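Examination of the molecular architecture
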Amino acid sequence: GYRNANPHRLALGMVKKCRNSKNELTFEDITYDFYLDFVEYMIMEKGYSINYTGTLIGRLNTFMSVTFKKRLHKNIDYLQFKRMAEETDNIALSDDQVEKLAKVKLTISYYDNARDIFLVQCYGGARFSDTIKFQKANIQGKDIRFIADKTGKLTLIPMNKGMRRII
């Protein structure tokens, strides 16, 4: 079951790439030396951010913790792994910038569609993976209702004027 567990699959895939291994990894392969190699590989070789690397380390820690509690291994090296993070400048569009984007006349239809999907995300805060699946059945009154891919929970987004104009 853990091989196909979504949150951990990406982290485990990166682990295999770091080790340049086509062979199956064992729990005993996840050592402190592995952790140091993994951090170097992700940041120095692949150029990923500290925050992304820290997220994958967090997923790896969770995976190792759950499997340890299920007595699938006795390796506790993962307890030394530090989930690193750094502050970032979150850049967001202002309401005026979003409205300027909405008013731009585009002559290529797929640019127009891409812009509209982006605007729906701006107006409603839905993830791209959810937004591209919206259908007429999701529109209920003045709301959009859907099951979020990431959480599996029913989500309700009140449609504002900008969303109603696009939809």
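Considering the overall build of the protein
When its secondary structure is counted, the protein shows 7 helices and 3 strands. Shown N-terminal to C-terminal, the secondary structure of the protein runs as helices and strands in the order α-α-α-α-α-α-β-β-β-α. By the burial criterion, 29% of the 167 residues in the protein qualify as buried. Of all intrachain contacts in the protein linking residues separated by at least 6 positions in sequence, the fraction that spans at least 24 positions is 46%. Counting every atom, the protein has about 11,900 Å² of accessible surface; 52% of that belongs to carbon and sulfur.

A closer look at a positive patch on the surface
A surface patch of positive charge is lined by K103, K142, K161 and R164. Inspection of the secondary structure assignment puts R164 in helix α7 (residues 161-166). For R164, a relative accessible area of 43% corresponds to the partly exposed category.

Thoughts on the pattern of salt bridges
Applying the stated rule across the entire model yields 4 salt bridges. One salt bridge in this structure joins R115 and D116, with 3.3 Å as the shortest N-O distance. Neither R115 nor D116 differs from the other in exposure class; each is buried. Between K133 and D149 there is a salt bridge; the shortest N-O distance is 2.7 Å. A residue pair is termed long-range when its members are at least 10 positions apart, and K133 in the loop between α6 (128-131) and β1 (139-140) and D149 in the loop between β2 (143-147) and β3 (154-158) qualify at 16 residues.

Let's talk about the environment of K74
The residue K74 is located in the loop between α3 (50-69) and α4 (95-103) in this model. Ignoring any residue separated from it by four or fewer positions in sequence, one finds K74 in contact with E28 and F68.

A look at the nonpolar core
Core analysis: the biggest nonpolar cluster contains 16 residues, and I30, F38, L60 and F81 have the highest contact counts within it. Going through the elements one at a time, α1 (6-19), α2 (32-45) and α3 are the ones with two or more residues in this core. Here the element with the most residues in this core is α2; it accounts for 6 residues. By size, the runner-up hydrophobic cluster in this structure holds 13 residues, among which are V98, A148, I157 and M163.

Observations regarding the packing of α2 against α3
Running from amino to carboxyl end, α2 crosses α3 at an angle of 145°, the nearest separation of the two axes being 9 Å. Seen from above, α2 lies across α3 with right-handed handedness. Here α2 contributes F34, Y35, F38, V39, M42 and I43 to the contact with α3, which in turn contributes I50, Y52, T53, L56, I57 and L60. For the contact of α2 with α3, the class distribution of residues is 11 nonpolar, 1 polar and no charged.

A word on the packing of α4 against helix α5 (residues 109-124)
Each pair of packed helices can be summarised by the angle the axes make with each other and by the distance between the axes. Two numbers describe how α4 lies on α5: the axes approach to 10 Å, and their chain directions differ by 155°. One finds that α4 runs roughly antiparallel with respect to α5. Crossing of α4 against α5: the hand is left-handed. Here α4 contributes V98, E99, L101 and A102 to the contact with α5, which in turn contributes R115, F118, L119, C122 and Y123. Tallied by class, the residues present in the contact of α4 with α5 amount to 7 nonpolar, no polar and 2 charged.

Thresholds applied
Residues numbered from 1 in each chain as written. Predicted model: local features only at pLDDT ≥ 70, side-chain atom pairs only at ≥ 80, totals over all residues. Heavy atoms only, no water. Helix = DSSP H or I, 4+ residues; strand = E, 2+ residues; numbered from the N terminus. Buried < 20%, exposed > 50% of the residue type's maximum accessible area, 1.4 Å probe, protein only. Contact = heavy atoms within 4.5 Å. Areas by Shrake-Rupley, 256 points an atom, 1.4 Å probe, with all protein chains shown as cover. Patch = residues over 30% accessible without salt bridge, like charges linked within 9 Å, V, L, I, M, F, W, Y side chains within 5 Å. Salt bridge = Lys/Arg side-chain N within 4 Å of Asp/Glu carboxyl O. Lys, Arg positive; Asp, Glu negative; His and termini not counted. Charge placed at Lys NZ, Arg CZ, Asp CG, Glu CD. Core = buried A, V, L, I, M, F, W, Y, C linked by side-chain atoms within 4.5 Å. Axes fitted to C-alpha atoms, helices over the stretch in contact; angles between N-to-C directions. Left-handed = near helix turned anticlockwise from the far one by under 90°. Nonpolar A, V, L, I, M, F, W, Y, C, P; charged D, E, K, R; others polar. Parallel < 35°, antiparallel > 145°, perpendicular 65-115°, else oblique.

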